[in-house]
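Survey of secondary and tertiary structure
Below, each chain spelled out in residue letters.
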Amino acid sequence: MPLADDLRRQFPSDFVWGVATSAFQIEGAAHEDGKGESIWDRFCRQPGAIADASNGDVACDHYHRLDSDLDLIAALGVDAYRFSVSWPRVQPLGHGAWNARGLDFYERLVDGLSARGVRPYLTLNHWDLPQALQETGGWAHRDTVHRFVDYARGLQRRLGDRVAAITTHNEPWVIAVLGHQSGSFAPGLKSRKTAAQVAHHLLLSHGLALRALRADGARAGLGIVLNLAHTEPATDTPADRAQARLDDARGRRWYTDPLFKGHYPQEVLDELGADAPAVEPGDMAVIATPMDYLGVNYYSRAVSSADGSFDAKRSGLALTEMGWEIYPRGLTELLLTLHREYTLPPVYITESGGAFKDPLTADGRVHDADRTEYLRTHIAAVAEALRQGVPMAGYMVWSLMDNFEWSSGYAKRFGIVHVDYATQQRTLKDSARWYREFLAARAAAAA
Ligand code: FCB
């Protein structure tokens, strides 16, 4: 495919291509082999919390299908697989005793990847906090920061010499704001003050974990994954432009300024007033501990209007099934903004992809041309950032396979592999075939 060839040639040979998942979204086996309860296990049982009233009890049954799923990953020809560890599976109460069977599972996962020539990118926290820690205050409680550091150290002891990267947190904004302010995600709390404190504790635990893991002799690269949008004003009026600057500060710089500059954006602190987080002396320096890489999850742009009147449905851009605008140019813009504002470590796009309708057709295939186009144009957007000097290191598709999409349940499909939840059969969608060809062309060129 000439298009794939042209695109592929724009990336250096050591650029890392991958696919991504997270534990709660695919593993299932929610109550097996000594796993503890997570806040997502609990949240799914709250009436109305999940659109299709589903839960993660079975999900993609990945826990029981590890070997064949690893074969599937390897067959795509990717360099890397990004996955997360379920904290309550390896440490059921979030402190104290470790669960040997849980640790064994991740050891088989990591060794199975390496045996297949795929580099493991491990995330410590993709949202499924042990419920026992929620009972004592969860991320709003400063103690949880230290529990997280112990968990990180324990995992590194067991797996640290065999993984390429350890990410502390996936998308702290989502945990803080959706989990503790809007309440649409676990643990379902609704307080702006709590959300601000949670964000601070997530960042603090990230920095402390980096320092502890390095003191213990870390071999893997260490970093964090942020969900970032490119924020634009709806119109060119001063009011909309001011709104866009404030929204960008709330959603993006609230995380990137502390990580790269060691302080929170003043305008957001001013806005929070008495809801601003309690910060102890030394916290900000810990948060700014240098990282080996930054992970960016990008799905769409954000549009700001002072009167809140912007409606994506009328923007004229195509939308995914999530209602998110398809806007690859925003990815280039975002990366250029980050490059302009900070001295960046290598940057990975750790999630990129879209939910589309995806029917299995009579020929046993899923003709998801819209997803292939989404991936192609977003990869091209990364190539453009690279051309303009952003230190891009890798790109990972969200997601390897259809899975439990949080409060949307199983209705939204992000996979490049289709999952039939009744039979657990996996079928490569056309987008997976395209990605495989794209990567194969690259392997051929390197040979
Ligand atoms: C991100 C999450 C990931 C997935 C995608 C669609 O916010 O990190 O788990 O749900 O969105």
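Predicted, not measured: the structure shown is a model, and the values here were computed from it.

The rules behind each value
- Residues numbered from 1 in each chain as written.
- Predicted model: local features only at pLDDT ≥ 70, side-chain atom pairs only at ≥ 80, totals over all residues.
- Heavy atoms only, no water.
- Helix = DSSP H or I, 4+ residues; strand = E, 2+ residues; numbered from the N terminus.
- Rg over C-alpha atoms; globule rule 2.2 N^0.38 Å.
- Buried < 20%, exposed > 50% of the residue type's maximum accessible area, 1.4 Å probe, protein only.
- Contact = heavy atoms within 4.5 Å.
- Areas by Shrake-Rupley, 256 points an atom, 1.4 Å probe, with all protein chains shown as cover.
- Pairing = 2+ DSSP bridges.
- Axes fitted to C-alpha atoms, helices over the stretch in contact; angles between N-to-C directions.
- Salt bridge = Lys/Arg side-chain N within 4 Å of Asp/Glu carboxyl O.
- Core = buried A, V, L, I, M, F, W, Y, C linked by side-chain atoms within 4.5 Å.
- Near = heavy atom within 4 Å.
- Polar contact = N/O pair within 3.5 Å; in protein donor to acceptor, adjacent residues only side chain to side chain.
- Nonpolar A, V, L, I, M, F, W, Y, C, P; charged D, E, K, R; others polar.

**Things to note about the overall build of the protein**
Helix and strand counts for the protein stand at 16 helices and 12 strands. Radius of gyration (C-alpha) of the protein: 21 Å, near the 22 Å computed for a compact globule of 447 residues. Counting over 447 residues, the protein shows a buried share of 58%. Considering only residue pairs separated by 6 or more positions, the protein has 77% of its internal contacts joining residues 24 or more positions apart. Roughly 16800 Å² of accessible area belongs to the protein as shown, and the carbon and sulfur atoms make up 52% of that amount.

**Considering the sheet that holds strand β5 (residues 221-227)**
Pairing in this closed barrel of eight strands is parallel, and the strands run β1-β2-β3-β4-β5-β7-β9-β10 around the ring. Between one strand axis and the next, the sheet turns by 25° as a mean value, whatever way the strands run. Here three bridges tie strand β9 (residues 347-351) to strand β10 (residues 392-398), and the two strands are oriented parallel to one another. Bridging across to β10, Tyr348 finds its partner in Gly394. Helix-sheet contacts for helix α8 (residues 142-159) involve β3 (119-125) and β4 (165-170), and the interaxial angle to β3 is about 160°. With respect to the sheet, helix α11 (residues 238-261) is in contact with β5 and β7 (293-297), its orientation differing from that of β5 by roughly 160°.

**Details of the pattern of salt bridges**
Applying the stated criterion to the full structure yields 43 salt bridges. Its salt-bridge partner being Arg162, residue Asp161 comes within 3.5 Å of it at the nearest N-O pair. Here Asp161 falls in the partly exposed class, since its relative accessible area comes to 45%. Here Arg365 ties to Asp430 by a salt bridge, and the two come within 3.2 Å at their closest N and O atoms. Taken together, the residues Arg365 in the loop between β9 and α15 (369-387) and Asp430 in helix α16 (residues 430-446) connect sequence positions 65 residues apart. Overall, Arg365 belongs to the partly exposed group, its relative accessible area being 28%. Residue classification places Asp430 among the buried positions, given a relative accessible area of 19%. Three or more residues joined by partner-sharing salt bridges are found here, namely Asp104, Glu107, Asp111, Arg158, Asp161 and Arg162.

**Some details on unusual backbone geometry**
With an omega of 5°, the peptide bond running from Ala186 to Pro187 counts as cis. By the element assignment, Pro187 lies in the loop between α9 (172-180) and α10 (192-215). The residue Ala29 is not glycine, and still its phi comes out positive at about 45°. Note on placement: Ala29 falls in the loop between α2 (23-26) and α3 (39-43). The phi dihedral of Asp61 falls on the positive side, at around 55°, and the residue is not glycine. Mapped onto the secondary structure, Asp61 falls in the loop between α3 and α4 (66-76).

**Some remarks on the nonpolar core**
Of all hydrophobic cores here, the largest spans 126 residues; its most connected members are Val19, Trp40, Tyr81, Tyr395 and Tyr435. Examining the composition of this core, we find that nine residues originate from one element, α10, more than from any other. Apart from the residues lying within four places of it in its own chain, the contact partners of Tyr395 are Phe15, Val16, Trp17, Gly18, Ile349, Ser352, Leu375, His378, Ile379, Val382 and Tyr435. Counting residues in each nonpolar core, the second largest holds eight residues, with Ala80, Tyr121, Tyr293 and Ala393 among its members.

**Remarks on the site of the ligand**
Taken together, Gln25, His126, Trp127, Asn170, Glu171, Asn297, Tyr299, Glu351, Trp398, Glu405, Trp406 and Phe414 form the complete shell of residues around the ligand. The side chain of His126 places a nitrogen or oxygen atom 2.8 Å from an oxygen atom of the ligand. Note that an oxygen atom of the ligand is positioned 2.9 Å from one of the side-chain N or O atoms of Asn170. Protein chains bury 94% of the 290 Å² of accessible surface belonging to the ligand in isolation. Among the residues making up the shell around the ligand, the classes are represented as five nonpolar, four polar and three charged.

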